[in-house]
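So you can see what is in the structure, the chains are spelled out below.
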Amino acid sequence: KPILAVFALLLMFALKRMDAVIHCGVLFAAAGLILPLPAAFTVNILGIVLMSVIPYAVGRQLGLEAADALRPKPPRLREAESFQSRHAVLVSALLRTIGLPTNVTGIYLGAMQFEFLPYLEGSVLGMLPLLIFFTLIGTSADDVHSPLFIVSVIGQIVLTIASALIYAILRKRDQENHDE
């Protein structure tokens, strides 16, 4: 029953905000596996919004104390502070593509008073490639030797590596500009 599947998936995306272990790609692939492709993409985009908005709101409520508590943990979050105001959408997008847990990232950026619209825009843009790759992995999961499955898996790996490199280059460039 597709309607029940949609509601179940959206509930799982909402609950995902409390979990840092299960990768959101599993939910994207599940949607691709059980829903027609256009419906899977739509549900997955709504899932990104849920996974982004809920942790952000929690972080906003917790305030700067929460950011201080998280600051020593993932160094990439701490480094994002240095240029978040100048590159808000890009920072949010890159933090999503390099594989940090969506809930920790959302709570942290909310607590840091990151502007909401650039945060949400960057979150959706940053997770869109993941959504596409994992949804296609789900649609082709019945044949792991298919070109669609293989290209999607390779694409996801390349995306993660490229995002980390872009983030490192931008951070280095920003530090050099700041030092001058």
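Residues numbered from 1 in each chain as written. Predicted model: local features only at pLDDT ≥ 70, side-chain atom pairs only at ≥ 80, totals over all residues. Heavy atoms only, no water.

Enquirer: Before we move on, can you summarise the environment of Leu50 with the specific residues and values?
Expert: With respect to the element layout, Leu50 can be found in helix H3 (residues 37-62). Classification of Leu50 by relative accessible area gives partly exposed; the value is 28%. On a C-alpha basis, the gap between Leu50 and Leu15 in space is 9.1 Å, while along the polypeptide they are 35 residues apart. Excluding anything up to four places from it in sequence, Leu50 contacts Leu10, Phe13, Ala14 and Pro55. (Helix = DSSP H or I, 4+ residues; strand = E, 2+ residues; numbered from the N terminus. Buried < 20%, exposed > 50% of the residue type's maximum accessible area, 1.4 Å probe, protein only. Contact = heavy atoms within 4.5 Å.)

Enquirer: Lay out unusual backbone geometry in plain terms, naming residues and giving numbers.
Expert: One non-glycine residue, Gln113, lies in the positive phi region at around 60°. With respect to the helices and strands, the residue Gln113 is situated in the loop between helix H7 (102-111) and helix H8 (116-139).

Enquirer: Please set out a nonpolar patch on the surface residue by residue, giving values where relevant.
Expert: Taken together, Ile157, Ile161, Leu165 and Ile169 make up a surface patch of nonpolar side chains, about 400 Å² in accessible area. Mapping Ile157 onto the fold places it in helix H9 (residues 147-179). (Patch = residues over 30% accessible without salt bridge, like charges linked within 9 Å, V, L, I, M, F, W, Y side chains within 5 Å. Areas by Shrake-Rupley, 256 points an atom, 1.4 Å probe, with all protein chains shown as cover. Salt bridge = Lys/Arg side-chain N within 4 Å of Asp/Glu carboxyl O.)

Enquirer: Could you give me a rundown of the confidence of the model for the chain, with the residues and numbers involved?
Expert: Residues at a pLDDT of 70 or more form 84% of the chain, whose mean pLDDT is 82. In the model of the chain, helix H5 (residues 75-80) stands out as the element of lowest mean pLDDT, 57, in contrast to H3, which has the highest, 91. (pLDDT = per-residue confidence, 0-100.)

Enquirer: If you had to explain the packing of helix H1 (residues 2-16) against helix H2 (residues 24-34) to someone new, which residues and values would you point to?
Expert: Interaxial distance between H1 and H2 falls to 11 Å at its minimum, and their mutual angle equals 175°. Regarding the angle of H1 to H2, the classification is roughly antiparallel. For the pair H1 and H2, the contacting residues are Ala5, Leu9, Met12, Phe13 and Lys16 in the first and Cys24, Leu27, Phe28, Ala30, Ala31 and Ile34 in the second. Considered class by class, the residues forming the contact of H1 with H2 number 10 nonpolar, no polar and one charged. (Axes fitted to C-alpha atoms, helices over the stretch in contact; angles between N-to-C directions. Parallel < 35°, antiparallel > 145°, perpendicular 65-115°, else oblique. Nonpolar A, V, L, I, M, F, W, Y, C, P; charged D, E, K, R; others polar.)

Enquirer: Would you mind going over the packing of H3 against H8 in detail, with residue names and values included?
Expert: At their nearest, the axes of H3 and H8 sit 9 Å apart, and the two run at 140° to each other. Here H3 lies oblique to H8, going by the angle between them. Every pair of crossing elements has a handedness; the one defined by H3 and H8 is right-handed. In this structure, H3 contributes Leu37, Ala40, Phe41, Asn44, Ile45, Ile48, Val49, Met51, Ser52, Val53 and Tyr56 to the contact, and H8 contributes Phe116, Tyr119, Leu120, Ser123, Val124, Met127, Leu128, Leu131, Ile132, Thr135, Leu136 and Thr139. (Left-handed = near helix turned anticlockwise from the far one by under 90°.)

Enquirer: Any chance you could break down the nonpolar core for me, citing the residues and the numbers?
Expert: In summary, soluble globular proteins display a tendency toward joint burial of nonpolar side chains. One finds Phe28, Leu35 and Met51 to be the most contacted residues of the largest nonpolar core, which totals 19 residues. At the level of elements, H1, H2, H3 and H8 are the ones that each hand at least two residues to this core. It is H8 that provides the largest number of residues to this core, a total of five residues. Excluding residues within four positions of it along the chain, Met51 makes contact with Phe13, Lys16, Cys24, Phe28, Thr102 and Met127. Leu94, Ile98, Leu109 and Phe114 belong to the second-largest nonpolar core, a separate cluster that totals 14 residues. (Core = buried A, V, L, I, M, F, W, Y, C linked by side-chain atoms within 4.5 Å.)

Enquirer: So what about the packing of aromatic side chains? Which residues, and what values?
Expert: Under the defined criterion, the tally for this structure stands at four aromatic pairs. Ring centres of Tyr56 and Tyr119 lie 4.6 Å apart, and the angle between their planes is 25°; on these two criteria the pair is classed as stacked. Here the residue Tyr56 occupies a position in helix H3, and Tyr119 occupies one in helix H8, the gap between them amounting to 63 residues. In terms of burial, Tyr56 and Tyr119 fall into one category: buried. By the ring-pair criterion, three or more aromatic residues cluster together here, those being Tyr56, Phe116 and Tyr119. (Phe/Tyr/Trp six-rings, centres within 6.5 Å; stacked < 30°, edge-to-face > 60°.)

Enquirer: Let's hear about H7: which residues, and what values?
Expert: Of all 10 residues that make up H7, eight are buried, and the element is covered over most of its length. Residues of H7 that are buried include every one of Thr102, Asn103, Thr105, Gly106, Tyr108, Leu109, Gly110 and Ala111, and no others. Looking one or two residues beyond H7, the residue adopting positive phi is Gln113, at roughly 60°.

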